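The chain contents come next:
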Amino acid sequence: MTAYQRLPSADFRSAHDPALEGRSDTRPLVPIDLAWVDGKGRATWDNRKLPDTPEVAAAVSCLARGALLRGEQGPIAIEDLMPGDRIATASGGTAEIRWIGSRSYGWGADRPTLWRIAARAFGGQGPESDIVLGSDAQVLIDSPRCVPLIGRRQAFAPVAAFEDGVTVTAISPPGEVTVYGLACATQEAVVVAGLPVETYHPSRTTARSLNRVVLSDMARLFPHSAETGGFGAPRIPYLTLSEAQSLELVG
């Protein structure tokens, strides 16, 4: 098991660094819409300008507008969810949404790559219908082919690894695009039109870039983490791009 795949044993909790406050920040900033459950269980909303870094972008690049999840009352679009709602997970239970983040790209702006996933692209693992995922989406793979790689059947894999131009296709819509990220109390696989997709967990994108600046950025991006105990330790490892490509599961 590589260092990338090895799961950290401790919870992740971001924190503001007082030493960085007041310093000029020349990095480009982008507006991010945030909604979260605060320490008193209340839903809270804000729009914050945050640095346009890979760590920030990855947090809000999982699902595209219109993606359908399974709420307690039936299917619900990502844009209609609220912090505190419960959605179905691949384990058969439900998980509470603690945080929702979104970013919009207007006409003429540089747009992220999105992934159109055809119905049954992953066979029995879904999806039930065509869906569009964000550039940083990770899908849950449950296959004996994972065992030689990581010693277990289940792993999260970047959807980009399965691009074939037919069942998994990279797209860049010309109009306005909005992408979303979800976070729960810990790492979860939520059901998106039947396909299990990872909720955001910082261990995937910050493992190799965890420093004072990134921690401070993440504290602004995830206001709830300081009040609710962070994200918890991840439970499911990740496959690298090349490892996921070797599985040949699509089709």
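Since we're looking at a predicted model, the values are computed, not measured.

Draft legend 1. Structural view of the overall build of the protein. For the protein, the helix and strand inventory stands at six helices and 16 strands. Considering only contacts in the protein between residues 6 or more positions apart, those separated by 24 or more positions represent 68%.

Draft legend 2. Region of the structure containing the packing of aromatic side chains. Evaluation of the coordinates by the stated rule reveals four aromatic pairs. For the pair Phe122 and Phe162, a centre-to-centre distance of 5.1 Å together with 85° between the ring planes defines the contact as edge-to-face. With Phe122 in the loop between β9 (114-117) and β10 (131-133) and Phe162 in the loop between β12 (154-158) and β13 (168-171), the pair connects residues that are 40 residues apart, well separated along the chain. The exposure class of Phe122 is buried, given its relative accessible area of 6%. Here Phe162 falls in the buried class, since its relative accessible area comes to 5%. Between the aromatic rings of Tyr200 and Phe222, the centroid separation amounts to 5.3 Å while the plane-to-plane angle is 15°, which identifies the pairing as stacked. Of this pair, Tyr200 sits in the loop between β16 (195-198) and α3 (203-206) while Phe222 sits in the loop between α4 (212-221) and α5 (225-228), and the two are 22 residues apart along the sequence. Take Phe222: its relative accessible area is 0%, and that puts it in the buried class.

Draft legend 3. Highlighting the environment of Gly194. Position of Gly194 among the secondary structure elements: in the loop between β15 (189-192) and β16. Spatially, the C-alpha atoms of Gly194 and Ala119 are 9.5 Å apart, while their sequence positions differ by 75 residues. Those residues within four positions of Gly194 in sequence are excluded, and the remaining contacts are Arg70, Gln125, Gly126, Pro127 and Glu128.

Draft legend 4. Region of the structure containing the pairing of strand β2 (residues 43-51). Two strands pair when backbone bridges link them, and strand β1 (residues 29-37) and β2 are joined in this way by nine bridges, in the antiparallel orientation. For Trp36, the partnering residue across the bridge sits in β2 and is Thr44. Where β1 folds back on β2, the antiparallel hairpin that results is connected by five residues, among which Gly41 adopts a positive phi of roughly 80°.

Draft legend 5. Quick peek at the environment of Arg111. Within the secondary structure, Arg111 sits in the loop between β8 (99-105) and β9. Distance from Arg111 to Thr178, taken between C-alpha atoms, is 9.6 Å for residues 67 residues apart in sequence. Among residues more than four places away in sequence, those in contact with Arg111 are Tyr105, Gly106, Ser172, Pro173, Pro174, Gly175 and Val177.

Draft legend 6. Quick look at the nonpolar core. Counting 36 residues, the largest nonpolar core has Leu63, Leu69, Ile117, Leu133, Val139, Phe162 and Leu182 as the members making the most contacts within it. Those elements giving two or more residues to this core turn out to be β9, β10, β11 (138-142), β12, β14 (177-183), β15 and β16. Beyond its immediate chain neighbours, meaning those up to four positions away, Val139 contacts Phe122, Leu133, Ala155, Phe156, Ala157, Val159, Phe162, Leu195, Pro196 and Val197. Judged by nonpolar contacts, the second largest core, of 16 residues, contains Val60, Trp99, Ala183 and Leu221.

Draft legend 7. Fine view of the side chain of Glu198. Relative to the helices and strands, Glu198 is located in strand β16. A distance of 2.5 Å separates the side chain of Glu198 from the side chain of Tyr238, its partner in a polar contact. When near neighbours in sequence (up to four residues on either side) are disregarded, Glu198 contacts Cys62, Gln138, Phe156, Gln187, Glu188, Ala189, Arg204 and Tyr238.

Draft legend 8. Layout of the pairing of β14. Across the seven residues of β14, seven count as buried, placing the element largely inside the fold. Both faces of β14 are covered, namely the face carrying Val177, Val179, Gly181 and Ala183 and the face carrying Thr178, Tyr180 and Leu182. Note: strand β3 (residues 63-64) against β14, two bridges, orientation antiparallel. Bridge pairing in β14 links Leu63 to Tyr180. By the bridge criterion, seven bridges tie β8 to β14 in an arrangement that is antiparallel.

Draft legend 9. Molecular detail of unusual backbone geometry. With omega at 0°, the peptide bond leading from Gly126 into Pro127 counts as cis. Looking at where Pro127 falls in the secondary structure, it is placed in the loop between β9 and β10. Its identity as a non-glycine residue notwithstanding, Arg120 has a phi of 60°, on the positive side. Arg120 sits in the partly exposed class, given a relative accessible area of 45%. One non-glycine residue, Ala193, lies in positive phi territory at about 50°. Looking at where Ala193 falls in the secondary structure, it is placed in the loop between β15 and β16.

What counts, and where the lines are drawn
Residues numbered from 1 in each chain as written. Predicted model: local features only at pLDDT ≥ 70, side-chain atom pairs only at ≥ 80, totals over all residues. Heavy atoms only, no water. Helix = DSSP H or I, 4+ residues; strand = E, 2+ residues; numbered from the N terminus. Contact = heavy atoms within 4.5 Å. Phe/Tyr/Trp six-rings, centres within 6.5 Å; stacked < 30°, edge-to-face > 60°. Buried < 20%, exposed > 50% of the residue type's maximum accessible area, 1.4 Å probe, protein only. Pairing = 2+ DSSP bridges. Core = buried A, V, L, I, M, F, W, Y, C linked by side-chain atoms within 4.5 Å. Polar contact = N/O pair within 3.5 Å; in protein donor to acceptor, adjacent residues only side chain to side chain.

Any functional reading would require information that these geometric values do not contain.
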